[in-house]
Each structure stands twice: as structure tokens, then as C-alpha cells.
Amino acid sequence: MITGEKMHEQAYAEAIVREIEGLEKAKITIIIGELQNIDVDALRQYIEFYLKQKNNIEYRVEKTLIKCNKCNNVFGLEKTVIGEEEKELIHFIPEAIHSFIRCPQCGSRDIDVIRGRGIRILVE
Amino acid sequence: MKEKKIIDPRIKSIEIMLGKVKRILPVISLKGGVGKTTLSVLLSIALRENGVSVGLLDLDLNNPGTHHILGINPKKIGITEEKGVKPYKISELNINYATIAVYTHDKPGMLRGLERLEATLELLAITNWGQLDYLVIDTGPGMGDEVLGLLKLLKEPEPLIVTTPSLLSQKSTEKLLDFLLNEGITMYKVIVNMHKGEPLDDFVTHVLPYEIELEKQQYSIDIIRRTPFYREIQKLAFSLLHGKH
């Protein structure tokens with residue numbers, strides 16, 4: 001059971017704003033891992049609410065790539081079956097995915113997330 | 001050419017989330033099975049008995065165990081968001097609690113090196129502890145990425161190093177102390193658990209006696225609280241509250 005209104009996004013927005021404050025002239029790209037399942041519109045609204053300056057901010061969602069350490073299969077989220085409740089848990093801690101998926105080819109749980117997690121700010 | 005820079009906002013978020021926590025006590029050891037989880041839970045209770053506010057974080061990513069001692073089913077802990085995720089309030093103990101097991105439903109999800117650091121960053125970046133006097137952090141055995149990352153992220157960590165009287169455990173502790181001192185971490189305590197009267201090293205600051213109740217499959221916190229073992233935990237809590245480093 002999850003209660004609250006996109007407050008997870010709010011926490012990230014506050015941290016992002018603190019990092020980019022004073023960088024008015026920079027081009028900012030916020031790269032969001034697909035596994036974070038962040039509501040990009042909510043994040044954008046929180047950032048616009050907190051940020052005093054006007055920046056050119058681009059939001060980019062990075063697709064997930066997962067590698068199986070047993071059979072070397074590389075696959076994306078579309079090859080997996082994850083329930084809605086599990087998706088919510090992964091939204092908070094992307095590494096929780098290890099508890100809920102197996103390699104679609106060999107069934108192993110020994111996997112590595114190659115990309116598609118975390119949030120990064122690219123400043124140019 | 002313009003210079004590019006990549007910033008991880010989770011680091012700032014961790015600074016914000018832990019900003020109002022006065023003292024942080026990671027419970028660590030190089031060896032497993034020395035009693036870190038038991039100590040983490042009981043010390044949290046003993047600190048709380050003194051009227052200070054206490055948080056307990058289970059950061060043993062591959063094998064969280066505090067919920068077993070506390071008798072809590074992590075699947076039944078609701079996730080409440082309030083500028084991040086609010087820790088779960090254990091009402092009987094009045095302790096704020098967070099564990100990785102809430103997010104994994106305590107299913108096996110063995111993480112390799114860097115993913116352990118990533119999970120640590122995520123958990124610390126989203127858990128909003130608010131005002132807190134003490135945060136006790138249970139960790140997994142060894143100095144994996146999560147423990148190294150944690151010690152690096154915290155401004156003034158006060159590790160509690162748990163060991164046993166066994167020679168192997170003592171040698172591990174010497175190595176760990178050597179590492180910590182080299183990193184400038186000096187506010188630590190060394191706690192020997194399962195002590196049966198053996199001679200002790202100079203660096204030992206607290207001794208916890210062997211406790212038969214802890215050998216039982218399902219021991220009760222209420223029973224443990226009446227044992228000599230727990231009285232020593234209370235002394236440790238007292239020294240943390242009033243002692244000098």
C-alpha cells in the first residue's frame with residue numbers, strides 16, 4: 001500500500017534544484033532511468049516550482065538494459081513480466097528488480113542492470 | 001569546447017534527508033555471524049529507553065534480518081510518501097524503521113558490487129528521517145560497496161565494530177581498525193560479543209556476554225530485555241549518550 005502524492009519526485013526535485021541553482025547559462029539535461037518509473041511531468045512541475053531561475057531543461061528517459069550473468073542474454077523491460085505492485089517497489093529502489101525478475105531465456109536471477117536506473121544531471 | 005559535467009542528485013538528497021540526524025551509528029564487521037543485527041535492534045531499544053529519538057535502518061542488502069527480530073512482516077509495511085518516504089513507526093517501541101526488505105518483499109535478490117552501492121544511494125536518498133537524535137544502521141558482513149559507500153557518504157560516522165573472542169574475528173577487527181583510522185574515522189567503538197571470559201585486546205571498548213536466549217530459534221525481545229546481555233547493551237547506550245570519544 002502506497003500513500004502520498006508524488007512526494008518521491010518532490011524529494012528528487014529539491015535535490016536537483018539545489019544542484020543547478022546558479023547555473024543559469026548552462027544547458028541542463030536530466031536523465032531518468034526507466035526503472036525509476038518517475039512521473040516526469042510531476043518532476044518537471046516541482047522543479048519549475050522550486051527553481052528561481054529560468055533554465056533550458058531537457059528531460060530524457062533512459063531505457064533499461066539487463067544482462068544475465070549465467071547465459072549472457074541482454075534484454076529490456078519489455079521482455080519481463082512485472083506486476084503493478086512490484087513496479088511500484090522498483091520505482092523506489094530500482095535494485096529491487098533483482099527480487100522480482102528472472103532472465104527470460106534461462107530463468108536465472110543472477111542479473112546485472114547495465115543501464116536504466118538512477119537520475120543524473122548533465123550540465124553543458 | 002564546452003565542459004560537460006554529470007551530477008548525481010542523490011548525493012544532495014542524502015545530505016537533505018540526513019541533515020537533521022544528530023548521530024549516525026553504522027554497525028559493521030568484516031566477519032558474519034558476530035551479532036550485528038541483534039545489537040542493532042537491541043541498542044536502538046536501549047537508546048530509546050533513555051528518551052532520545054531513534055531510527056533503525058536495515059542496510060544488509062542481501063540478507064536483511066532486523067524485521068525477523070522485531071516480528072514485523074515487511075510486506076505489510078505501507079510506504080508513505082512525504083518529501084521522500086517516511087520511515088515506518090514501530091508503535092510499541094516508538095522507533096522509526098526502514099529496511100530494504102520493504103522494497104524486495106524479503107525475496108532473494110542478490111546484488112553484486114556496484115548495484116549494492118546503487119541500492120544504498122537510493123535507500124538513503126529517499127528515506128526522510130526528519131529530526132532524529134540517533135540513527136542505527138545494520139549492515140551486511142564485510143566491507144562491501146554499500147558499507148564503504150556509506151562511510152564515505154556520512155559526515156561524521158560513529159561505527160560500532162562488532163567482533164567475537166575468536167582469533168579470526170580479532171584479526172579481522174585489527175584490519176578493519178587499520179582501514180578506518182587510515183580513512184580518518186576515529187569515533188568508533190569495538191564491541192566483543194559472545195564473550196565467555198577470554199582475555200581481551202586493548203582496543204575493545206565494550207563486552208557483551210554469551211547469551212543462551214539468543215541461541216533459540218525464536219527469541220523474545222521481552223525475555224532478552226531481562227538478561228545480563230541486555231544490561232550490557234544498556235551500558236553501551238549509556239556510554240553513547242554520555243561518554244566522550
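Residues numbered from 1 in each chain as written. Chains lettered and ligands numbered in written order. Predicted model: local features only at pLDDT ≥ 70, side-chain atom pairs only at ≥ 80, totals over all residues. Heavy atoms only, no water.

Draft legend 1. Layout of the overall build of chain A. Per the secondary structure count, chain A includes four helices and seven strands. Put simply, chain A runs from its N terminus to its C terminus through helices and strands in the order β-α-β-α-β-β-β-α-α-β-β. In terms of its C-alpha atoms, chain A occupies a principal-axis envelope of roughly 50 × 35 × 20 Å. Contacts spanning at least 24 positions in sequence make up 77% of the contacts within chain A whose residues lie at least 6 apart. About 6100 Å² of surface is accessible on chain A, with carbon and sulfur atoms providing 47% of the total. Where the 18 positive side-chain charges of chain A centre and where its 21 negative ones centre are 5 Å apart. (Helix = DSSP H or I, 4+ residues; strand = E, 2+ residues; numbered from the N terminus. Contact = heavy atoms within 4.5 Å. Areas by Shrake-Rupley, 256 points an atom, 1.4 Å probe, with all protein chains shown as cover. Lys, Arg positive; Asp, Glu negative; His and termini not counted. Charge placed at Lys NZ, Arg CZ, Asp CG, Glu CD.)

Draft legend 2. Geometry of the pattern of salt bridges. Residue and element names in this part refer to chain B. On inspection of all chains with the given rule, the structure shows 23 salt bridges over all chains. Between Glu232 and Lys235 there is a salt bridge, and its shortest N-O distance comes to 3.0 Å. Of the two residues, Glu232 and Lys235 both sit in helix α9 (residues 228-242), three residues apart, roughly one turn of that helix. When its relative accessible area of 23% is taken as the criterion, Glu232 is described as partly exposed. Judged by its relative accessible area of 49%, Lys235 is partly exposed. (Salt bridge = Lys/Arg side-chain N within 4 Å of Asp/Glu carboxyl O. Buried < 20%, exposed > 50% of the residue type's maximum accessible area, 1.4 Å probe, protein only.)

Draft legend 3. Spatial organisation of the sheet that holds strand β2 (residues 21-28) of chain B. Residues and elements named next belong to chain B. If you walk across this open sheet you meet the eight strands as β6-β7-β3-β8-β2-β9-β10-β11, and the pairing is mixed. Whereas interior strands pair on both sides, the edge strands pair on one side only; in this sheet they are β6 (88-90) and β11 (206-209). Along the sheet, successive strands turn relative to each other by an average axial angle of 25°, direction set aside. Bridge count for β6 against strand β7 (residues 95-99) is three bridges, and the pairing is antiparallel. Within the sheet, the bridge partner assigned to Lys89 lies in β7 and is Asn96. The strands touched by helix α2 (residues 36-49) within the sheet are β2, β3 (54-59), β7, β8 (132-139), β9 (160-163), β10 (189-195) and β11, with β8 carrying the most contacts at an inclination of about 170°. Across the face of the sheet, α9 comes into contact with β2, β8, β9, β10 and β11 while running at roughly 160° to β11. (Pairing = 2+ DSSP bridges. Axes fitted to C-alpha atoms, helices over the stretch in contact; angles between N-to-C directions.)

The quantities given are spatial measurements derived from coordinates; they are silent on function.
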